[in-house]
Amino acid sequence: MATHDPTATDLDALLGGDNDWRRFLPWAGGIALLIIAALTTYLLTSGSDTVAAVEPEPTQATTGSITSTTSLSGTAATAQAADLTFGSAGVVATVDVAVGDPVSAGDVLATLDNTEAARQLETAQISLDQAEASLAELLSDPDAADLAAAIQSLRSAESQVASSELSLDRLLEPAAAADVLAAEQAVANAISQLSTAEAALADLREGPTDADVASAQASVASAESQLANATLGEQTSFGALDAAQNAYCAFPEGLADLCATWALPLSAENIGRLEASEADASTFLIATIDPFIQASVAYEGALASLEAATASLESATARLEDAQAAASPDALFRAEQSVTAARNNYDVAVLRLEELKAGAEAIEVDQAQTSLASAQASLTSAQARYADLVGGADVTDIERAQQSVRLAEIGLERAQEGLEDVQVIARFDGVVGAVNVGVGDQVTANTVAISVNTPERIVIDLTVSEAEVLDLAVGQVGLATFDAVGDTQYPVRVTSISTIPTVASGVVTYAVEAVILEVGEIAEVTADLQALATGGGATDFAALAAAAGGGGFGGAADGSALRGDGTGRAAGGQAGGAGPAGLLGDIELPEGVTIQDVFAALAAGEDLPAGIELPEGFELPAGFADRLAGGGAGTGTGAGLATLADENRQLPLAGMSGSVEILLGTRDDVLLVPSSAVRAQGSTSYVVIENDEGEFERLTVVTGESSGANVEVVSGLEPGATVWLNASAPASEDFSLQNVDVSQPDDAQQPPAGFPPGGFGGGGGGGGGGGRGGAQ
């Protein structure tokens, strides 16, 4: 007789073996009662409708992705908030904002009376500018003009010193014989000049003599005779030249331009041309060339004689007029001035001669020495100026100037702080949440005047246990929901994880922050959102992903969920391909037009907004217009394009409580079967397959993670293998009582007729699945 472990006794063995089966009747009776109770409960709760039989359904093991998530809870808060205060007491002069106004970082929102602070700031700025200018002058290279001027000053000073030294030396030394001789000669020359000037003055005062007039008249007569002869000679020579020109021009082969009368007399160039033309000219023409040239030369001489005779007559006539006229007052004045100048020159020459013979006086020596000292001082100054420009500023001067600049900077900083103390300045871009002061109010330092926050940038403060914090990382993506906002799911990203624990009542938690992503940021994490999309929320992200240029969400034939908590809302779909906005991701949007406007027009079949041009060949995928018009993809209940893909979407308010599901990771290329296809026999999992004889049998498998609708099969099953849903198979030999679910018999280890395949949730492919359910 076989011996069995009481904890592993198979029910078939108990009923058909050698043991006395009667001792197990109480067990069997109990089991039967439990089964009857379970069926009765189901029938009572399922209504009076007839329960239809559920037919076995085949499905294939497929390769896909499975995600790991964690669910957290937290509270919404604005990303930034600040209570802004004045830094000093005073009277409010201006309040430039109201509640709800947008502000930018650096905006002045309110001010106190700042007259004195502004004056101090202006003074401090001027002091700093002056100190910086002085330092810059010390550190800068010399200007070319300044250097040239310094060099010129140095050379001039050197020349002045040399001249002063020479003058002093001459005073101190006896006069040289050559100098005395030169002085005596200068006196003699001055006497001669004075005598000449006095004689010329006397002649002017006496007037011209009769002889002078007669001589001038004779000169005029002679000039007139010369002019008459020159005039006759010019006329005669021109006649000869005209005849020679006519003789030359009688021949057609002559130079035509020389036959014009204005070409006379011939220029040197034309004479050269005539001479050169003799080489090719006929004998007759050559006979006219030389006379033509000679007549031109003679005529040119006659013209010169006529011009000279005319000038001589004019000169003789002027002399006659001078001889006949009395001296003019002007001429007398000039003559008198010449006499005065000549007498002064004589006096200076005599004085110089006397000084040379007498030697220098003491006062002259003193003056010369003073001039030399002054010239040497100028030279020293010029040398120092040049050295400063070439060698640069002194180190001590530079350090002193740098200290002055630093002191001026400190003064300016204090003045700026003083001005800022009378201002309320926005620290970041945001919206005014409260204004607590008005113009004319007397306030004290640190009075909260204006509050600013960022209602368009919401974060969620999460409290995470010590068991959960190690699975989190900055940058992970999740979905947040808030009961107060409805069914909307908000894409979030983890932005910070505190490593400082908070201990309360012996429980250790850590602070984690996640930010709700803006519409423009969602496209960056579309793939992760697709992995997280669940239930009706899938509709939201199908439309949102399309609007952001990412992929949409299509239904999967197996109704697989992408959520990994094993509990609830099956998505009934899987990540789809690129949505239509993938084709529109690069179009240029005019100001005031959003991608949502474009899709709304496409969905409604209306004209596109002005300025929008679709890519060539663009077409909406089949059915997508209906999905947009219906509020999203699939048939779920999400808010769709009008909510999450809208810049004006409703965000949760600070203080609202919410739940966040964080995507911890996704594994690809894993073998998946529906959760309803996996059964448990003790600690062993199995699926039902069909053998070669067409009978159902149990196949042991090793399972891994579950996504709720799907279960990972680690081993025991090949991709593409067919497993059966709603089918029962005989228990294996090691099937024992403790492996039996006492709520239903082995042949009823499937949901009763009328239940959705795979339990609540899951379901066939298509849009959003419904209901709440999970793996069995």
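If you're wondering where the values come from, they're calculated on a predicted model, not measured in any experiment.

Parameters at a glance
- Residues numbered from 1 in each chain as written.
- Predicted model: local features only at pLDDT ≥ 70, side-chain atom pairs only at ≥ 80, totals over all residues.
- Heavy atoms only, no water.
- Helix = DSSP H or I, 4+ residues; strand = E, 2+ residues; numbered from the N terminus.
- Buried < 20%, exposed > 50% of the residue type's maximum accessible area, 1.4 Å probe, protein only.
- Contact = heavy atoms within 4.5 Å.
- Areas by Shrake-Rupley, 256 points an atom, 1.4 Å probe, with all protein chains shown as cover.
- Disulfide = S-S within 2.5 Å.
- Phe/Tyr/Trp six-rings, centres within 6.5 Å; stacked < 30°, edge-to-face > 60°.
- Expected span 1.5 Å × (residues − 1).
- Salt bridge = Lys/Arg side-chain N within 4 Å of Asp/Glu carboxyl O.
- Pairing = 2+ DSSP bridges.
- Axes fitted to C-alpha atoms, helices over the stretch in contact; angles between N-to-C directions.
- Parallel < 35°, antiparallel > 145°, perpendicular 65-115°, else oblique.
- Left-handed = near helix turned anticlockwise from the far one by under 90°.
- Polar contact = N/O pair within 3.5 Å; in protein donor to acceptor, adjacent residues only side chain to side chain.
- Nonpolar A, V, L, I, M, F, W, Y, C, P; charged D, E, K, R; others polar.
- pLDDT = per-residue confidence, 0-100.

Thoughts on the overall build of the chain
Helix and strand counts for the chain stand at 19 helices and 23 strands. Burial analysis of the chain (776 residues in total) assigns 34% to the buried set. Counting contacts in the chain only where the partners sit at least 6 residues apart, residues at least 24 apart contribute 75% of the total. Accessible surface computed for the chain: about 42700 Å², of which carbon and sulfur atoms make up 52%.

Considerations on the state of the cysteines
The term disulfide refers to a covalent linkage connecting the sulfur atoms of a pair of cysteines. Applying the stated criterion across every chain, the model contains one disulfide. Between the sulfur atoms of C249 and its disulfide partner C259 the distance amounts to 2.1 Å. Every disulfide takes its handedness from the sign of the S-S torsion; for C249 and C259 that torsion is -110°, giving left-handed. Here C259 lies in the loop between α6 (210-249) and α7 (268-277) and C249 lies in helix α6, a separation of 10 residues in the sequence. Residue C249 is classed as partly exposed on the basis of its relative accessible area, which comes to 26%.

Here's the deal with the packing of aromatic side chains
Counted according to the given criterion, the structure contains four aromatic pairs. On the basis of an interplanar angle of 70° and a centroid distance of 6.0 Å, the ring pair of F482 and Y490 is categorised as edge-to-face. Of the two residues examined, F482 and Y490, each falls in the buried class.

Here we look at the environment of S374
Within the element layout of this structure, S374 appears in helix α10 (residues 362-391). Note on S374: relative accessible area 45%, which makes it partly exposed. In sequence terms S374 and Q160 are 214 residues apart; their C-alpha atoms lie 9.3 Å from each other.

Considerations on helix α5 (residues 177-206)
The periodicity of an α-helix, 3.6 residues per turn, causes residues three or four places apart in sequence to face the same way. Between its terminal C-alpha atoms α5 stretches 44 Å, which fits the 44 Å expected from 30 residues at 1.5 Å a residue. Buried within α5 we find V180, A183, V187, A190, L194, A197 and L201. The secondary structure elements touched by the buried residues of α5 are α9 (329-358). G207 lies just past α5 and shows a positive phi near 85°.

Points about the pattern of salt bridges
Summed over all chains, the structure comprises nine salt bridges. Across the salt bridge formed by R273 and D257, the nearest N and O atoms sit 2.8 Å from each other. Of this pair, R273 sits in helix α7 while D257 sits in the loop between α6 and α7, placing them 16 residues apart in sequence. Given a relative accessible area of 30%, R273 falls into the partly exposed group. For D257, a relative accessible area of 41% corresponds to the partly exposed category.

Quick notes on the sheet that holds strand β10 (residues 448-453)
Strand order in the open sheet formed by four strands is β3-β10-β8-β5, with antiparallel pairing between adjacent strands. Each end of this open sheet is capped by a strand with a single partner; those strands are β3 (81-85) and β5 (102-103). Inspection of the sheet shows β5 paired to strand β8 (residues 430-435) by two bridges, in the antiparallel sense. When the bridges of β8 are listed, V103 appears paired with G430.

What to know about the packing of helix α3 (residues 115-139) against helix α11 (residues 395-421)
Running from amino to carboxyl end, α3 crosses α11 at an angle of 160°, the nearest separation of the two axes being 8 Å. The pairing of α3 with α11 is recorded here as roughly antiparallel in orientation. Handedness of the α3/α11 crossing: left-handed.

Regarding the side chain of S451
With respect to the element layout, S451 can be found in strand β10. When its relative accessible area of 15% is taken as the criterion, S451 is described as buried. Among the polar contacts made by the side chain of S451, one reaches the side chain of D83 at a distance of 2.7 Å. Each residue touching S451, except ones within four places of it in the same chain, is listed here: A82, D83, V431, V432, G433 and A434.

Topic: the pairing of β10
Looking down a regular strand, the side chains alternate between one sheet face and the other. Pairing analysis gives five bridges linking β3 to β10, with the strands arranged antiparallel. Residue pairing in the sheet places D83 in a bridge with S451 of β10. Both β8 and β10 contribute to a ladder of four bridges, which runs antiparallel. From the neighbouring strand, V435 faces β10, where its bridge partner is I450.

A look at the side chain of S685
Along the chain, the position of S685 falls in strand β20 (residues 684-690). In this structure S685 touches V678, R679, A680, L699, T700, V701 and T703, once residues within four positions along its chain are discounted.

Notes on the sheet that holds strand β4 (residues 90-95)
Read from one edge to the other, the open sheet built from four strands follows the order β7-β6-β4-β9, with strand pairing classed as antiparallel. The open sheet has two free edges, formed respectively by β7 (423-425) and β9 (442-443), since each of these has just one partner strand. Relative to β9, β4 is paired through two bridges, and the arrangement is antiparallel. Counterpart to G90 in the pairing with β9 is V443.

Side note on the environment of E661
Assignment of secondary structure puts E661 in strand β18 (residues 657-674). Take E661: its relative accessible area is 8%, and that puts it in the buried class. In sequence terms E661 and V477 are 184 residues apart; their C-alpha atoms lie 8.6 Å from each other. Within polar-contact distance, the side chain of E661 engages the side chain of T69 at 3.1 Å.

With respect to the packing of α5 against α9
Contact pair α5 / α9: the axes reach a minimum separation of 8 Å and the direction vectors enclose 160°. Taken together, the axes of α5 and α9 lie roughly antiparallel to each other. The way α5 lies across α9 gives a crossing that is left-handed. Of the residues assigned to the contact of α5 with α9, the class counts are 20 nonpolar, three polar and seven charged.

What about the confidence of the model for the chain?
Chain-level statistics for the chain give a pLDDT mean of 75 and a share of 75% at 70 or above. Element-level mean pLDDT values for the chain span from 34 in strand β17 (residues 574-578) up to 94 in strand β15 (residues 507-516). Long-range and interchain partners of residues 43-51, a stretch whose pLDDT sits below 50, account for three contacts in this model, where long-range means more than four residues apart.

A closer look at α3
For α3, with 25 residues, the first-to-last C-alpha span of 37 Å sits near the 36 Å given by 1.5 Å per residue. For α3, the full list of buried residues reads A117, A124, L128, A131 and L135. The elements touched by buried residues of α3 are α11.

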